[in-house]
Amino acid sequence: MKVQYLHPFLESASFVIQQVCQVSIARGELEMQEWTFREGHTWLRIGMTGHVQGEVFFGIQDDLALRIVSAMMGGYPIQEMDDMGKSAISELGNMISGNASTILSNQGIVIDITPPHFLLQADLQQMTGTALTAPLDLQDMGRMEIQLVVAE
């Protein structure tokens, strides 16, 4: 059942990132696993309320996150994740989640999303729960992971 909630996020992420970065995207295999913190990743959390209660986590390899921010800024090279970069990645998460909530709404599943929360390492080490997860490979740029934790 949770798969029907994850697919709109994967579809939306593929569409939005293709538009922003001009790359093709390949989806990896879906897995059910304990939510895991991965070092070397930039993490965003977006809460969901409504017909579905839970959270969506976007884990983006750090170097990929910098490349995405660069693409969002018109190709300007980005060397570190500063406040502007965090804002850009948060907006990417907002765009993906907003599109996914529209897709879900068209399926009769109404959700509201919270503003993106850029997570720090201390926040991540306290996260728990079983997540439905799937990676997205962005051509030769790197990998992004989407993890969905839905309250039962």
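Whatever comes next refers back to the structure up there.
Residues numbered from 1 in each chain as written. Predicted model: local features only at pLDDT ≥ 70, side-chain atom pairs only at ≥ 80, totals over all residues. Heavy atoms only, no water.

J.: I'm lost on the overall build of the protein in this one. Help?
T.: Helix and strand content of the protein: four helices and eight strands. When the elements of the protein are put in sequence order from the N terminus, they spell out α-β-β-β-β-α-α-β-β-α-β-β. Compactness check: the protein gives a C-alpha radius of gyration of 14 Å against a globular reference of 15 Å for 152 residues, within 12% of the reference. Each principal axis of the C-alpha distribution contributes one length, and for the protein these read about 40 × 35 × 25 Å. Taking all contacts inside the protein whose residues are at least 6 apart in sequence as the whole, residues at least 24 apart take part in 68%. For the protein, the exposed area adds up to about 7600 Å²; of that, 48% sits on carbon and sulfur atoms. (Helix = DSSP H or I, 4+ residues; strand = E, 2+ residues; numbered from the N terminus. Rg over C-alpha atoms; globule rule 2.2 N^0.38 Å. Contact = heavy atoms within 4.5 Å. Areas by Shrake-Rupley, 256 points an atom, 1.4 Å probe, with all protein chains shown as cover.)

J.: Looking at this model, I keep getting lost on the nonpolar core. Mind explaining?
T.: Nonpolar side chains in soluble globular proteins generally cluster together in the buried interior. Core analysis: the biggest nonpolar cluster contains 41 residues, and Phe9, Ile17, Phe58, Leu138, Met144 and Ile146 have the highest contact counts within it. In contact with Leu138, not counting residues within four places along its chain, are Ile17, Val23, Ser24, Ile25, Leu64, Ile68 and Met144. Trp35, Trp43, Phe57 and Ala131 belong to the second largest nonpolar core, which has six residues in total. (Core = buried A, V, L, I, M, F, W, Y, C linked by side-chain atoms within 4.5 Å. Buried < 20%, exposed > 50% of the residue type's maximum accessible area, 1.4 Å probe, protein only.)

J.: Hey, could you run me through helix α3 (residues 83–106) in this one?
T.: Because each turn of an α-helix spans 3.6 residues, side chains separated by three or four positions in sequence point in the same direction. For α3, with 24 residues, the first-to-last C-alpha span of 35 Å sits near the 34 Å given by 1.5 Å per residue. Looking at α3, one finds that the buried residues are Gly85, Ala88, Ile89, Ser90, Leu92, Gly93, Ile96, Ser97, Ala100, Ser101, Ile103 and Leu104. You can read the cap of α3 off the contacts: a side-chain oxygen lies 3.2 Å from the backbone nitrogen of Met84, and it is on Asp82. In the stretch just after α3, Gly108 is the one whose phi turns positive, near 85°. (Expected span 1.5 Å × (residues − 1). Polar contact = N/O pair within 3.5 Å; in protein donor to acceptor, adjacent residues only side chain to side chain.)

J.: Any chance you could explain a nonpolar patch on the surface here in plain terms?
T.: On the surface, a cluster of nonpolar side chains totalling about 330 Å² of accessible area is made up of Met73, Tyr76 and Met84. By the element assignment, Met73 lies in the loop between α2 (62–72) and α3. (Patch = residues over 30% accessible without salt bridge, like charges linked within 9 Å, V, L, I, M, F, W, Y side chains within 5 Å. Salt bridge = Lys/Arg side-chain N within 4 Å of Asp/Glu carboxyl O.)

J.: Just checking my understanding: could you explain α2 for this structure?
T.: Those residues of α2 not exposed but buried are Leu64, Ala65, Leu66, Ile68, Val69 and Ser70. Structurally, α2 contributes buried residues whose contacts are with α1 (3–21), β3 (41–50), β4 (54–61), α3, β7 (130–138) and β8 (142–150).

J.: Mind showing me how you'd approach the packing of α1 against α3 here?
T.: Close contact between α1 and α3 brings their axes to 8 Å; oriented N to C, the two are set at 130°. Relative to α3, α1 is oriented oblique. Here α1 and α3 pass one another in a crossing that is right-handed. Here Gln4, Tyr5, Pro8, Phe9, Glu11, Ser12, Ala13, Phe15, Val16, Ile17 and Val20 of α1 come into contact with α3, specifically with Leu92, Met95, Ile96, Ser97, Asn99, Ala100, Ile103 and Leu104. (Axes fitted to C-alpha atoms, helices over the stretch in contact; angles between N-to-C directions. Parallel < 35°, antiparallel > 145°, perpendicular 65-115°, else oblique. Left-handed = near helix turned anticlockwise from the far one by under 90°.)

J.: How should I be thinking about the side chain of Ser101 in this particular structure?
T.: Tracing the backbone shows Ser101 in helix α3. Excluding its chain neighbours within four sequence positions, the residues that come into contact with Ser101 are Ile111 and Ile113.

J.: In this structure, what is going on with the environment of Met73? I would like to understand it.
T.: According to the relative accessible area criterion, Met73 is partly exposed, its value standing at 31%. Put simply, Met73 and Pro8 are 65 residues apart on the chain and 26 Å apart in space, counted from C-alpha to C-alpha. Sequence-distant contacts of Met73, defined by excluding residues within four places in its chain, comprise Met84 and Ala88.

J.: Explanation requested: the environment of Val149 in the structure shown.
T.: Positionally, Val149 belongs in strand β8. With relative accessibility at 13%, the residue Val149 sits in the buried group. Measuring from C-alpha to C-alpha, the distance between Val149 and Gly129 comes to 6.6 Å, with 20 residues separating the pair along the chain. Those residues in contact with Val149, other than ones at most four positions away along the chain, are Trp35, Gln53, Gly54, Glu55, Phe57, Thr130 and Ala131.

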